[in-house]
Amino acid sequence: RKEVEQDPGPFNVPEGATVAFNCTYSNSASQSFFWYRQDCRKEPKLLMSVYSSGNEDGRFTAQLNRASQYISLLIRDSKLSDSATYLCVVSRSSYKLIFGSGTRLLVRP
Amino acid sequence: DVKVTQSSRYLVKRTGEKVFLECVQDMDHENMFWYRQDPGLGLRLIYFSYDVKMKEKGDIPEGYSVSREKKERFSLILESASTNQTSMYLCASSSPNQPQHFGDGTRLSIL
């Protein structure tokens with residue numbers, strides 16, 4: 001079993017839709033949590049950190065449920081430019097990040 | 001803005017060659033990392049370094065070595081390249097407990 005699991009998708013949604021991704025992690029000692037975005041043939045870029053209390057950045061909302069060991073990302077009012085792969089990332093220590101394989105999002109006109 | 005620079009975007013080498021991939025960061029980060037990314041497998045950590053001359057094996061170190069002689073530079077070495085090392089290689093850097101920042105990646109093909 002992978003340490004970080006994501007539905008690979010693709011999620012195919014119309015512009016303006018709300019879409020949510022979930023991610024589960026197996027190591028209960030995980031300390032930090034992030035969502036990264038990766039465009040085709042490009043490097044991953046930090047989208048947002050995920051805090052226990054939940055956090056929002058514009059159209060993006062991230063939630064963490066430590067008891068159930070899952071992380072979610074909600075995107076409201078989807079734009080064409082949101083089309084990308086979204087990577088769920090969990091930190092075991094101050095050095096190591098564990099990456100999920102990613103969820104692919106396609107936003108259509 | 002954090003800048004992580006990898007020496008090559010595309011590289012083609014032959015089986016058995018010794019290959020060097022270079023990475024430089026300009027943010028005085030203590031931590032540097034080398035990953036490879038393959039379809040369906042996600043990013044896998046090869047080696048990381050938390051200080052000059054310090055290195056730690058990641059999840060898939062076999063067939064690779066690294067060098068960190070200066071804080072800003074972290075090199076990945078394929079001792080004797082093989083076709084199963086054809087992949088996208090990504091370098092990253094960070095301060096402790098902070099998110100990692102990635103370079104543009106090197107697409108390496110071993111023929």
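For the structure, see preceding data.
A few points on the structure.

About the thresholds
- Residues numbered from 1 in each chain as written.
- Chains lettered and ligands numbered in written order.
- Predicted model: local features only at pLDDT ≥ 70, side-chain atom pairs only at ≥ 80, totals over all residues.
- Heavy atoms only, no water.
- Helix = DSSP H or I, 4+ residues; strand = E, 2+ residues; numbered from the N terminus.
- Rg over C-alpha atoms; globule rule 2.2 N^0.38 Å.
- Buried < 20%, exposed > 50% of the residue type's maximum accessible area, 1.4 Å probe, protein only.
- Contact = heavy atoms within 4.5 Å.
- Areas by Shrake-Rupley, 256 points an atom, 1.4 Å probe, with all protein chains shown as cover.
- Lys, Arg positive; Asp, Glu negative; His and termini not counted.
- Charge placed at Lys NZ, Arg CZ, Asp CG, Glu CD.
- Disulfide = S-S within 2.5 Å.
- Buried area = accessible area lost by both parts, 1.4 Å probe.
- Salt bridge = Lys/Arg side-chain N within 4 Å of Asp/Glu carboxyl O.
- Polar contact = N/O pair within 3.5 Å; in protein donor to acceptor, adjacent residues only side chain to side chain.
- Nonpolar A, V, L, I, M, F, W, Y, C, P; charged D, E, K, R; others polar.
- Core = buried A, V, L, I, M, F, W, Y, C linked by side-chain atoms within 4.5 Å.

What follows concerns the overall build of chain A. If you tally the helices and strands in chain A, you get 0 helices and 11 strands. Its C-alpha atoms give chain A a radius of gyration of 13 Å, near enough to 13 Å, the size a compact globule of 109 residues would have. Seen through its C-alpha atoms, chain A measures out along the principal axes to roughly 40 × 30 × 20 Å. Across the 109 residues in chain A, those meeting the buried criterion constitute 46%. Look at the contacts in chain A between residues 6 or more apart in sequence, and 56% of them connect residues 24 or more apart. Looking at chain A as shown, the accessible area adds up to about 5,300 Å², and 47% of this sits on carbon and sulfur atoms. Separation between the mean location of the 14 positive side-chain charges and that of the 10 negative ones in chain A comes to 5 Å.

Within chain B, the secondary structure is distributed over 0 helices and 11 strands. Rg of the C-alpha trace for chain B: 13 Å, near the compact-globule value of 13 Å for 111 residues, within the 12% margin. Across its three principal axes, chain B shows a C-alpha extent of roughly 35 × 25 × 25 Å. Split into buried and exposed, the 111 residues of chain B put 49% on the buried side. Taking as baseline every contact in chain B between residues at least 6 positions apart, the subset at least 24 positions apart corresponds to 55%. With the model as given, the accessible surface of chain B reaches about 5,400 Å², and the carbon-plus-sulfur share is 48%.

Residues and elements named next belong to chain B. For the coordinates displayed, the defined rule picks out 2 disulfides over all chains. A sulfur-sulfur distance of 1.9 Å marks the disulfide that ties Cys 23 to Cys 91. Taking the torsion about the S-S bond as the criterion, the Cys 23 to Cys 91 disulfide, at about -80°, is left-handed. Of this pair, Cys 23 sits in strand E3 (residues 19-25) while Cys 91 sits in strand E9 (residues 87-94), and the two are 68 residues apart along the sequence. One exposure class covers both Cys 23 and Cys 91, and it is buried.

Right, let's get into unusual backbone geometry. All names here are of chain A. Here the residue pair Gly 9 and Pro 10 is connected by a cis peptide bond, since its omega of 10° sits within 30 degrees of zero. Backbone geometry at Gln 69 places phi at a positive 60°, although glycine is not the residue there. Relative to the elements of secondary structure, Gln 69 occurs in the loop between strand E7 (60-65) and strand E8 (70-75).

This part covers the side chain of Gln85(B). Residue and element names in this part refer to chain B. Within the element layout of this structure, Gln 85 appears in the loop between strand E8 (73-78) and E9. Among the residues examined, Gln 85 registers a relative accessible area of 5% and is labelled buried. Residues contacting Gln 85, with those up to four places away along its chain left out, are Arg 36, Glu 62, Gly 63, Tyr 64, Leu 78, Ser 80, Leu 108 and Ile 110.

Opposite the 17 residues of chain A that make contact, chain B presents 23 residues. Of the roughly 1,700 Å² buried between chain A and chain B, counting both surfaces, carbon and sulfur atoms make up 54%. Its largest share of buried area at the contact with chain B, chain A owes to Arg41(A), Glu43(A) and Tyr95(A), together 33% of the area lost on that side. Where chain A meets chain B, there are 1 salt bridge. A salt bridge links Lys96(A) to Asp59(B), with the shortest nitrogen-to-oxygen separation between them at 3.4 Å. Viewed at the interface, chain B and chain A are joined by 3 residue pairs in polar contact (both at pLDDT 80 or more). Every element with two or more residues in the side of chain A that touches chain B is listed here: strand E4 (32-38), strand E5 (45-50) and strand E10 (97-99) of chain A. When residues of the side of chain A that touches chain B are assigned to their parent elements, the largest contribution, 3 residues, is made by E4(A). Split by residue class, the side of chain A that touches chain B holds 8 nonpolar, 4 polar and 5 charged.

This part takes up the nonpolar core. All names here are of chain A. Membership of the largest hydrophobic core comes to 24 residues, with the highest contact counts inside it found for Phe 21, Trp 35, Ile 71, Leu 73, Ile 75, Tyr 86 and Leu 105. Where this core is concerned, the elements lending two or more residues are strand E3 (19-25), E4, E5, E7, E8, strand E9 (84-91) and strand E11 (103-108). Not counting chain neighbours up to four residues away, the residues in contact with Leu 105 comprise Phe 11, Val 13, Val 19, Phe 21, Ile 75, Asp 82, Ser 83, Ala 84 and Tyr 86.

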